[in-house]
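Each chain is listed here by its residues.
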Amino acid sequence: CSVLLLLTACAMQPHEPPLVIHEDAHRGGTVVAFSRSGELLASGGWSGTVQLWRLPQGSAVRHWRGHRDSVNGIAFLAADQQVVTAGYDGILERRGLDGGLLQQLTGLVSITHMEADAALDRLVTGHSDGSVRLWKASDFTLLLEQELHGGGVKAVAIDPLRNRYASSSTDGSVAVWTESGDARFLEEPSMDAWTLAFSPDGQWLAGGTWFRLYRWNLDDGSLTTMATEHYGIIKSVQYTGKGESLATISRQTDSSVYFLDPLSGAVTRRFQQHDLCGADVSVSPDGRYLATTSDDASVRIWVLGE
């Protein structure tokens, strides 16, 4: 009864509708990412397709199929003139905005998640065998490869402030590591961390699991667990601005999209949920736009402010 009352109360509160909804962007959506300029959005899906959208109207720009399986990472590089994607098919590739192939690596262990930072010229991939790899983003030079986890990697993250990386796994472990290969394992959560994000000041690592938000103190590795209004797996988190909020989306028994207080887990802003399980959330670097995608095949875009 308490759960039903909570869900009813949440439903009564206003949820901001998106400015743009592309209903059939992908067979099922997996990832979204903004260009640094905030003028373009890239999305990827289950079937390996990639779509570029132009903002603020959200109009379609270009479409291609770069992978034989789900796209599990997407990012802009080279002053927003290239798009890098990683797939469960073990392919890592860079393409121009016209969809032309510039570079491709094949035969990798299935990539479960990827993040990239154009300013650092670094790209990190997590793999189904528990390994992580660090690459030079501009030419895919392999800089580091290590077996950190006993199960498949669920999420990776980049801390551009301190040049370090994080990864979580199906074995429950969460590690923070550097380009030299030095790794430190943080306090293990009660359930797997499905997503990770460093705070802009480098002090915290945020994560998500069933119903709850994780926050690790990176000075001592200690963990705080916070209840949220999500009633499913928090699948994707991203800090906004200087770290004042966490954009989140959930899946399995939920498809809600919220801004959460990163210190308490309380909802500070509510957005219209998807029709099916949520997959990924992204906020543009300038803070103007929010984008999400989900199993319902749609890509949705909100204008957060001028």
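Residues numbered from 1 in each chain as written. Predicted model: local features only at pLDDT ≥ 70, side-chain atom pairs only at ≥ 80, totals over all residues. Heavy atoms only, no water.

S.K.: Help me understand the overall build of the chain in this model?
M.R.: Within the chain, the regular secondary structure consists of 1 helix and 28 strands. With 306 residues in all, the chain has 58% of them scored as buried. Restricting to contacts in the chain with at least 6 residues of sequence separation, those with at least 24 account for 42%. For the chain, the exposed surface amounts to about 12300 Å²; the carbon and sulfur share of it is 49%. (Helix = DSSP H or I, 4+ residues; strand = E, 2+ residues; numbered from the N terminus. Buried < 20%, exposed > 50% of the residue type's maximum accessible area, 1.4 Å probe, protein only. Contact = heavy atoms within 4.5 Å. Areas by Shrake-Rupley, 256 points an atom, 1.4 Å probe, with all protein chains shown as cover.)

S.K.: Would you mind showing me how to read the sheet that holds strand S24 (residues 257–260) here?
M.R.: Paired through backbone hydrogen bonds, the strands of a sheet run either parallel or antiparallel to each other. Within the open sheet, the 4 strands sit side by side as S22-S23-S24-S25. Their pairing is antiparallel. Here the strands that pair on one side only, and so sit at the sheet edges, are strand S22 (233–240) and strand S25 (267–271). Recorded for the sheet is a direction-independent mean angle of 25 degrees between the axes of neighbouring strands. Bridge analysis of S22 against strand S23 (residues 245–251) gives 7 bridges, and the strand direction is antiparallel. Looking across to S23, one finds that Tyr-239 is bridged to Leu-246. (Pairing = 2+ DSSP bridges. Axes fitted to C-alpha atoms, helices over the stretch in contact; angles between N-to-C directions.)

S.K.: How do you make sense of the sheet that holds strand S15 (residues 164–169) when you look at a structure like this?
M.R.: Read across the sheet, 4 strands follow the order S14-S15-S16-S17 without closing on themselves; strand pairing throughout is antiparallel. In the strand order of this sheet, the two ends are held by strand S14 (153–159) and strand S17 (183–185), each with one partner. Neighbouring strand axes in the sheet, compared pairwise and without regard to direction, differ in orientation by 20 degrees on average.

S.K.: For this particular structure, what's the right way to read the pattern of salt bridges?
M.R.: It is possible for side chains bearing opposite charge to pair when their charged atoms get close. In the structure shown here, the tally under the stated rule is 9 salt bridges. The salt bridge partner of Glu-145 is Arg-133, with a shortest N-O separation of 2.7 Å. Of the two residues, Glu-145 is situated in strand S13 (residues 141–147) and Arg-133 in strand S12 (residues 131–136); the sequence distance between them amounts to 12 residues. Residue classification places Glu-145 among the partly exposed positions, given a relative accessible area of 43%. Taking relative accessible area as the criterion, Arg-133 reaches 8% and is therefore assigned buried. A salt bridge links Arg-300 to Asp-275; its shortest N-O distance comes to 3.7 Å. In this pair, Arg-300 sits in strand S28 (residues 299–303) while Asp-275 sits in the loop between S25 and strand S26 (278–283), placing the two residues 25 residues apart along the sequence. With a relative accessible area of 58%, Asp-275 lands in the exposed category. Salt bridges here are not isolated pairs; linked through shared partners, they connect Asp-275, Asp-296 and Arg-300. (Salt bridge = Lys/Arg side-chain N within 4 Å of Asp/Glu carboxyl O.)

S.K.: How should the nonpolar core be read in this particular structure?
M.R.: Across soluble globular proteins, you tend to see nonpolar side chains buried next to one another. Counting 14 residues, the largest nonpolar core has Leu-196, Leu-205 and Trp-216 as the members making the most contacts within it. Of all the elements in the fold, those that place two or more residues in this core are S14, strand S16 (174–178), strand S18 (195–198) and strand S20 (212–217). If we ignore the near neighbours within four places in the chain, the residues touching Leu-196 are Ala-155, Val-156, Ala-157, Ala-166, Ser-167, Ser-168, Val-174, Leu-205, Ala-206, Gly-207, Trp-216 and Val-237. Judged by nonpolar contacts, the second largest core, of 12 residues, contains Ala-206, Val-237, Tyr-258 and Val-267. (Core = buried A, V, L, I, M, F, W, Y, C linked by side-chain atoms within 4.5 Å.)

S.K.: What should I look at first to understand the environment of Tyr-239 in this one?
M.R.: Mapped onto the elements of the fold, Tyr-239 is located in strand S22. Taking the C-alpha atoms as reference points, Tyr-239 and Pro-262, 23 residues apart in sequence, are found 8.3 Å from one another. Excluding anything up to four places from it in sequence, Tyr-239 contacts Ala-197, Phe-198, Ser-199, Pro-200, Trp-204, Ala-206, Ser-245, Leu-246 and Pro-262.

S.K.: When you look at unusual backbone geometry in this model, what are you seeing that I'm missing?
M.R.: A negative phi angle characterises most non-glycine residues, just as the trans form characterises most peptide bonds. Put simply, Leu-55 and Pro-56 share a cis peptide bond, and its omega is 10 degrees. Secondary-structure assignment places Pro-56 in the loop between strand S4 (49–54) and strand S5 (59–65). The residue Asp-121 is not glycine, and still its phi comes out positive at about 60 degrees. Tracing the chain through its elements places Asp-121 in the loop between strand S10 (111–117) and strand S11 (122–127). Phi is positive for Phe-140, close to 60 degrees, though the residue is something other than glycine. Mapped onto the secondary structure, Phe-140 falls in the loop between S12 and S13. For Phe-140, a relative accessible area of 5% puts it in the buried group.

S.K.: Can you help me understand the pairing of S26 in this one?
M.R.: Remember that side chains alternate between the two faces of the sheet whenever the strand is regular. Across the 6 residues of S26, 6 count as buried, placing the element largely inside the fold. Examined bridge by bridge, S26 and strand S27 (residues 289–294) share 5 bridges and lie antiparallel to one another. Residue pairing across strands places Asp-280 opposite Thr-293, the latter belonging to S27. Following S26, the chain reverses through 5 residues before pairing antiparallel with S27; Gly-287 in that reversal takes a positive phi of roughly 75 degrees.

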